[in-house]
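Here is what each chain is made of, one letter per residue.
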Amino acid sequence: MIVRFSVENWMSFRGKAELSMIASRERQHGDRVPRVGKYRAGILPVAAVYGGNASGKTNLFRALNFAKRLIVRGTQPEDQIPVQPFRLDEESTDLPVRFCFELLIDEKIYEYLFAVTSTDVLEEKLVEISSVSEKVLFERRDGKPNFHESLREDQRLGIVFEGTRDNQLFLTNSVSQKVRDFSPVYSWFRDSLELLAPDSKFQPFEQFLDEKNVLYAMMKDVLPQLDTGISRLGEESIPFELLPVSDSLKTKLKEDVKENVAVRLIDTGQSGDYFLITRENKELQVRKLVAFHSGANGADVKFELHDESDGSRRIIDLLPAFLALSSGKAKKVVVIDEIDRSLHTLLTRRLLEMYLGNCSPESRSQLLFTTHDVFQMDQNLLRRDEMWVTEKNAIGESRLYSFSEYKDVRYDKDIRKSYLQGRLGGIPKILFCGVCSEKADAGSGND
């Protein structure tokens, strides 16, 4: 789980912007807040980020995506680090981008931070935080390492550090060199943090086809309740030769797909079809995901996915993530940019209620999302400390703040009304209406 996350000098965030998931003293919906006993803290299961267009919401998502890619994928020797510093003043463009994470992993809290330019990692630090002290596992500064005394006898660490390039994170290189001391943090970014952009396609869609999968029955039960007309999802077998990909990719698939290996392909073009390629009895098998609707006589009628609405396809992409989060045993952190894209507001509400209804003091999953949907800005659904706003100032610098910072926002207050009236910030400053009206009057020929 994310305890805190901060970013500085990233895109529209010039100063430090911090998203804290530590629960305040607010009692509302307290029964669903995960509790970490030895730290005597509650960690919020959800955060909703509002704000006007271009206010910085998506830049937060991009910050998390950048950090995950840099940590998990790393860099090549000649690569530049794809930083995007604040560009609206000359001083910031020459300063490093800074990230800091506090993470709950297997009931331990770690702090991991790094500062990078396009060419160098200037600072990197990993700290294990107990309820009474902090243990600096490693620190990298000015090109030199400092390891905790319990690790200094391991000569491999020094060797691995010497082999870490200037444009490479030590955390990433150490794990690639099979150093296990820091792998929990690396594994969290690789396995637990899931990011879904507005145009993302859900990757492990074979869950829809595998009756043995733990989520298969849940998806089969929930999907018909979401008013898409889809009664279930299933598969259609097609010959490998008819797979709509290039000949070069077909050749590669023939070489790469072995027995007991499954390869997912998603057509990002107009069809949007999902394909699963496996090898059975030495032959390549292709299964395509299709939807079934109930006909007038009760029989299943097959539909191609490209015949479904954008909203239905968006549900197909999001539903597995919500079901995984709601399973009770999940330790995933799912971040969704523009959760409401192509979804009716009541459908978004139902997905959120399904997830939050399964949260408890023992759960360890989290959902972070950006949205314009003010219908969800409701204290019957979300706590004040779970609702955040991004807003830009006059020089284009984004600021991030929580509704819990407002002392006069009572638990029974209609937040939506105050937000839309501009009293809580985070709404667009629309200036063109008067100009349009003047031009319309001029075009009408009236004096």
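Undergrad: Would you mind going over the overall build of the chain with me for this structure?
TA: When helices and strands are counted, the chain shows 11 helices and 20 strands. Expected size for 447 residues packed as a compact globule is a radius of gyration near 22 Å; at 25 Å, the chain falls within 12% of this value. Within the chain, residue pairs in contact and separated by at least 24 positions form 63% of the contacts whose partners lie at least 6 positions apart. Surface summary for the chain: the accessible area is close to 22900 Å², and the carbon and sulfur share equals 47%.

Undergrad: What is the right way to read the nonpolar core from this model?
TA: One recurring pattern in soluble globular proteins is that nonpolar side chains are buried together. The biggest cluster of nonpolar side chains holds 69 residues, and the ones touching the most others in it are Phe 99, Tyr 112, Phe 114 and Phe 182. Tallying contributions element by element places helix H1 (residues 57-72) first for this core, with 8 residues. Those residues in contact with Phe 99 that sit more than four places away from it in its chain are Phe 5, Ser 6, Val 7, Trp 10, Ala 63, Phe 66, Ala 67, Tyr 112, Leu 113 and Phe 114. Membership of the second largest hydrophobic core comes to 50 residues, among which are Ile 315, Leu 325, Phe 369 and Met 387.

Undergrad: It is not clear to me how the sheet that holds strand S9 (residues 134-141) should be interpreted in this structure. Could you clarify?
TA: Strand pairs in the sheet, formed through backbone hydrogen bonds, run parallel or antiparallel to each other. The sheet built from 7 strands is open, its strands ordered S2-S1-S6-S7-S8-S9-S10 with antiparallel pairing. With partners counted over all chains shown, the strands left at the sheet margins are strand S2 (17-20) and strand S10 (144-147), one partner each. On average, adjacent strands in this sheet sit at an angle of 10° to one another, irrespective of strand direction. By the bridge criterion, 9 bridges tie strand S6 (residues 97-105) to strand S7 (residues 108-116) in an arrangement that is antiparallel.

Undergrad: Would you mind going over the packing of helix H8 (residues 310-325) against helix H9 (residues 345-356) with me for this structure?
TA: Interaxial distance between H8 and H9 falls to 9 Å at its minimum, and their mutual angle equals 20°. Here H8 lies roughly parallel to H9, going by the angle between them. Between H8 and H9 lies a crossing of right-handed hand. Contact residues: H8 offers Ile 315, Leu 319, Phe 322, Leu 323 and Leu 325, while H9 offers Leu 347, Leu 351, Leu 352, Met 354 and Tyr 355. The class makeup of the residues in the contact of H8 with H9 is 10 nonpolar, no polar and no charged.

Undergrad: Even after reading the chapter, I still don't get the pattern of salt bridges, so can you show me in this structure?
TA: A side chain of one charge can pair with a side chain of the opposite charge when the charged atoms of the two come close. For the structure shown, the criterion picks out 27 salt bridges. A salt bridge links Arg 140 to Glu 124; its shortest N-O distance comes to 3.0 Å. In this pair, Arg 140 is assigned in strand S9 and Glu 124 in strand S8 (residues 121-129), connecting sequence segments 16 residues apart. Residue classification places Arg 140 among the buried residues on the basis of a relative accessible area of 4%. For Arg 313, the salt bridge identified is with Asp 310, shortest N-O distance 3.0 Å. In this pair, Arg 313 and Asp 310 both sit in helix H8, 3 residues apart, roughly one turn of the helix.

Undergrad: What exactly am I supposed to notice about unusual backbone geometry here?
TA: With the exception of glycine, the majority of residues adopt a negative phi angle, and the majority of peptide bonds are in the trans configuration. With a phi close to 50°, Arg 40 is a non-glycine residue in the positive phi region. Along the chain, Arg 40 falls in the loop between strand S3 (35-36) and strand S4 (41-42). By relative accessible area, Arg 40 is classed as exposed at 83%. A positive phi angle, close to 55°, is found at Asn 281, a residue other than glycine. Look at Asn 281 and you get exposed, because its relative accessible area is 72%.

Undergrad: Which parts of the structure should I look at to understand the sheet that holds strand S20 (residues 398-402)?
TA: Taken in spatial order, the 6 strands line up as S11-S17-S18-S5-S19-S20 in an open sheet, and their pairing is mixed. Whereas interior strands pair on both sides, the edge strands pair on one side only; in this sheet they are strand S11 (193-196) and S20. Ignoring which end each strand starts from, the neighbouring axes of this sheet average 15° apart. Relative to strand S17 (residues 333-336), S11 runs parallel, the two being bridged by 4 bridges. Bridge pairing links Leu 193 to Val 333 in S17. H1 contacts strand S5 (46-51), S11, S17, strand S18 (366-370), strand S19 (387-392) and S20 of the sheet and is inclined by roughly 135° relative to S11. The strands touched by helix H5 (residues 183-192) are S11 and S17; relative to S11, the strand with the most contacts, the crossing angle is about 35°.

Undergrad: What exactly am I supposed to notice about the packing of H1 against H5 here?
TA: The axes of two packed helices give the description: the angle between them and the distance between them. Their axes nearest at 10 Å, the elements H1 and H5 cross at an angle of 120°. As the angle between them shows, H1 and H5 are arranged oblique. The chirality of how H1 crosses H5 is left-handed. Facing Lys 68, Ile 71 and Val 72 of H1, the residues of H5 in contact are Tyr 186, Phe 189 and Arg 190. Residue composition of the contact of H1 with H5, grouped by class: 4 nonpolar, no polar and 2 charged.

How each quantity is defined
- Residues numbered from 1 in each chain as written.
- Predicted model: local features only at pLDDT ≥ 70, side-chain atom pairs only at ≥ 80, totals over all residues.
- Heavy atoms only, no water.
- Helix = DSSP H or I, 4+ residues; strand = E, 2+ residues; numbered from the N terminus.
- Rg over C-alpha atoms; globule rule 2.2 N^0.38 Å.
- Contact = heavy atoms within 4.5 Å.
- Areas by Shrake-Rupley, 256 points an atom, 1.4 Å probe, with all protein chains shown as cover.
- Core = buried A, V, L, I, M, F, W, Y, C linked by side-chain atoms within 4.5 Å.
- Buried < 20%, exposed > 50% of the residue type's maximum accessible area, 1.4 Å probe, protein only.
- Pairing = 2+ DSSP bridges.
- Axes fitted to C-alpha atoms, helices over the stretch in contact; angles between N-to-C directions.
- Parallel < 35°, antiparallel > 145°, perpendicular 65-115°, else oblique.
- Left-handed = near helix turned anticlockwise from the far one by under 90°.
- Nonpolar A, V, L, I, M, F, W, Y, C, P; charged D, E, K, R; others polar.
- Salt bridge = Lys/Arg side-chain N within 4 Å of Asp/Glu carboxyl O.

Bear in mind that shape data such as this cannot, by itself, settle questions of function.
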